[in-house]
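Spelled out from the first residue to the last, the chains are:
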Amino acid sequence: MTPDDSTLPWLAGPARDIATRQRGHALLLQGNAGAGVFELALRVARTWLCETAAADAPCGRCTACHLLATNSHPDLLALLPELTQVELGWSVGGNDAPEAGDGEGRAKRKPSKEIRIEAVRDAIGWTQKSSSRGRAKVLLLFPADAMNLVASNALLKTLEEPPEGVRLLLVAEDAERLLPTLRSRCQRLLFEGPTPEQALAWLEGQGAANAPVLLAAAGGQPLAARRLAAEGFDAAAWIALPRRVAEGRWEPPAGATIPRLREVLQKLCHDAMALAAGAEPRYFPADSLPPVAAWPRLADWSQSLARLARHDEHPFNAPLITDSLLTEAKAVWTKSRGRA
Ligand SMILES: [Zn+2]
């Protein structure tokens, strides 16, 4: 992420409200990553740590703000899984994290999706030391549901009775995935994200081509849309995709992983179901969708994709799975025709 992402225009209001009104020492912030919930939490933390008197937003000029801009403020600790660090381009104090090697001859281990218990224990130790710059200390966890049971339990006592001056910011897309004992110790806040107009205006301001199509493809989430654009989003190809899939003529982009492919098909499945139910599609323009498919076919397809999503970590035979996914998708429409 770029350092100025905490200045996304739709974050200023909610960040000021949280930073100045919330007195709890443990906050649980729920919202979409693609709408900037992590950047919101970061802005709240920066507001708390800014050393300008009575700041209701990071001033951007004091020593603390300069340290925060390079993630080298000693009183902010952000616990992110390795994978999230990679995705956000997050590095601490200029050091690139995480390390790739894991010893044991497993030279290229995948970046972890978990917040590791060791990291949580280290963080608890960190909260017990006094603040370096004499203000608050902020421990930020994102996504907080990336802690497993052991890591979550390790954090309970600190959540309940944090040392003087320590504030915890737990950030999650789905708070229900946290242990109830964690949730109950936090004050819960919901981040709604930008309005569609704010999201579109921002995306257009970033110079994105075909911003409305791009934003819809990303489910209305502007940061997710920016990432799609950076990966070479092709609006014409996106609009052509639904019919090509239904006709068995779609070829996934080279290098598309199974999870990515599954995600695209889930978006198509969602919109095909919306169309069948007489609702507005979300990801594709309505006139780009193939004819209405039979509901039982769509329901089976949806369940099959959801089952696949639970096994995203599985080392797939990618070409084989890709073929079977595309055949399954096409059959939704051919067999719907057969029944009609
Ligand atoms: Zn400042």
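Residues numbered from 1 in each chain as written. Predicted model: local features only at pLDDT ≥ 70, side-chain atom pairs only at ≥ 80, totals over all residues. Heavy atoms only, no water.

J.: Mind showing me how you'd approach the overall build of the protein here?
T.: Looking only at helices and strands, one finds 14 helices and seven strands in the protein. Overall, the protein is about 70 × 50 × 35 Å in size when its C-alpha atoms are taken along their principal axes. Here the protein holds 340 residues, and the buried ones make up 44% of them. Looking at the protein alone, contacts between residues at least 24 apart form 69% of all its contacts between residues at least 6 apart. Roughly 17400 Å² of accessible area belongs to the protein as shown, and the carbon and sulfur atoms make up 51% of that amount. Charge separation in the protein, taken as the distance between the mean sites of 39 positive and 39 negative side-chain charges, equals 2 Å. (Helix = DSSP H or I, 4+ residues; strand = E, 2+ residues; numbered from the N terminus. Buried < 20%, exposed > 50% of the residue type's maximum accessible area, 1.4 Å probe, protein only. Contact = heavy atoms within 4.5 Å. Areas by Shrake-Rupley, 256 points an atom, 1.4 Å probe, with all protein chains shown as cover. Lys, Arg positive; Asp, Glu negative; His and termini not counted. Charge placed at Lys NZ, Arg CZ, Asp CG, Glu CD.)

J.: Could you clarify how one ought to interpret the coordination of the zinc ion in this entry?
T.: Put simply, the ideal angle at a metal is 109.5 degrees for four donors in tetrahedral geometry and 90 or 180 degrees for six donors in octahedral geometry. Those donors, C50 (SG), C59 (SG), C62 (SG) and C65 (SG), are the protein atoms that reach the zinc ion, and they lie 2.3 to 2.4 Å from it. Classification of the site at the zinc ion as tetrahedral follows from its four donor atoms and the range of 103 to 116° in their angles at the metal. Sequence spacing of the donor residues for the zinc ion, all on one chain, is C-x8-C-x2-C-x2-C. Residue C59 shares its accessibility class with C62, and that shared class is buried. (Donors = N, O, S within 2.8 Å, 3.2 Å for Na, K, Ca; no water. Tetrahedral: all angles 85-135°; square planar, octahedral: opposite > 155°, others 65-115°.)

J.: Explanation requested: the domain arrangement of the protein in the structure shown.
T.: Each assigned domain of the protein is listed here: domain 1 (3-190) and domain 2 (234-339). Summarising the inter-unit geometry, the C-alpha centres of domain 1 and domain 2 are found 36 Å apart. (Domains from an automatic or database assignment.)

J.: Looking at this structure, how should I read the sheet that holds strand β1 (residues 26-30)?
T.: Within a sheet, neighbouring strands are paired by backbone hydrogen bonds and run either parallel or antiparallel to one another. Judged by pairing direction, the sheet is parallel, and its five strands sit side by side in the order β2-β5-β6-β1-β7 without closing on themselves. The open sheet has two free edges, formed respectively by β2 (76-79) and β7 (187-190), since each of these has just one partner strand. Across this sheet, the average inter-strand angle for adjacent strands is 20°, counted without regard to direction. Sheet contacts for helix α5 (residues 117-127): β2, β5 (137-141) and β6 (166-172); angle to β2, the most-contacted strand, approximately 165°. Helix α6 (residues 149-160) rests against β1, β5 and β6 of the sheet, and its axis sits at about 130° to β6. (Pairing = 2+ DSSP bridges. Axes fitted to C-alpha atoms, helices over the stretch in contact; angles between N-to-C directions.)

J.: Which parts of the structure should I look at to understand the packing of helix α12 (residues 258-276) against helix α13 (residues 295-309)?
T.: Geometry of a packed helix pair, given as the angle between the helix axes and the separation of the axes. Across the interface, α12 lies against α13 with an axial gap of 10 Å and an inter-helix angle of 155°. The orientation of α12 with respect to α13, classified from their angle, is roughly antiparallel. Handedness of the crossing formed by α12 with α13: left-handed. Touching I258, R262, L265, Q266, L268, C269, A272, M273 and A276 of α12 are W295, L298, A299, W301, S302, L305, A306, L308 and A309, all from α13. Of the residues assigned to the contact of α12 with α13, the class counts are 15 nonpolar, two polar and one charged. (Parallel < 35°, antiparallel > 145°, perpendicular 65-115°, else oblique. Left-handed = near helix turned anticlockwise from the far one by under 90°. Nonpolar A, V, L, I, M, F, W, Y, C, P; charged D, E, K, R; others polar.)

J.: What's the story with the nonpolar core in this structure? I'm lost.
T.: Counting residues in each nonpolar core, the largest one holds 72 residues, and the members touching the most others are L140, L169 and W301. Considering each element in turn, this core owes the most residues, nine residues, to helix α2 (residues 37-49). Both of domain 1 (3-190) and domain 2 (234-339) provide at least three residues apiece to this core. Aside from chain neighbours lying at most four places away, what touches L140 is F38, A41, L42, L77, A78, L79, L169 and V171. L79, I117, L155 and L168 belong to the second largest nonpolar core, which has 26 residues in total. (Core = buried A, V, L, I, M, F, W, Y, C linked by side-chain atoms within 4.5 Å.)

J.: Would you explain the packing of aromatic side chains in this entry?
T.: Aromatic rings considered in pairs are described by the distance between their centres and by the relative angle of their planes. Within this structure, the stated rule accounts for six aromatic pairs. Ring geometry for F233 against W238: centres 5.9 Å apart, planes inclined by 50°, an arrangement best described as tilted. Relative to F284, the ring of W238 lies with its centre 4.3 Å away and its plane at 10°, an arrangement referred to as stacked. Here W238, found in helix α11 (residues 235-246), pairs with F284, found in the loop between α12 and α13; they are 46 residues apart in sequence, far enough to count as distant. Given the relative accessible area of 9%, W238 is considered buried. Three or more aromatic residues link up through ring pairs in this structure, and these residues are F38, W90 and F142. The lysine or arginine in question, K137, covers the ring of W126, its NZ or CZ lying 4.2 Å from the ring centre. We note R167 situated over the ring of W48; from NZ or CZ to the ring centre the distance is 3.9 Å. (Phe/Tyr/Trp six-rings, centres within 6.5 Å; stacked < 30°, edge-to-face > 60°. Lys NZ or Arg CZ within 6 Å of the ring centre and 35° of its normal.)

J.: How do you make sense of the pairing of β1 when you look at a structure like this?
T.: Note on strand geometry: in a regular strand, side chains alternate between the two faces of the sheet. Of all five residues that make up β1, five are buried, and the element is covered over most of its length. The two faces of β1 match: A26, L28 and Q30 on one face and L27 and L29 on the other face are all buried. One ladder, built from five bridges, connects β1 with β6; its direction is parallel. Across the sheet, residue L29 finds its bridge partner in β6, namely V171. In the sheet, β1 pairs with β7 via four bridges, with the strands oriented parallel. Looking across to β7, one finds that Q30 is bridged to L190.

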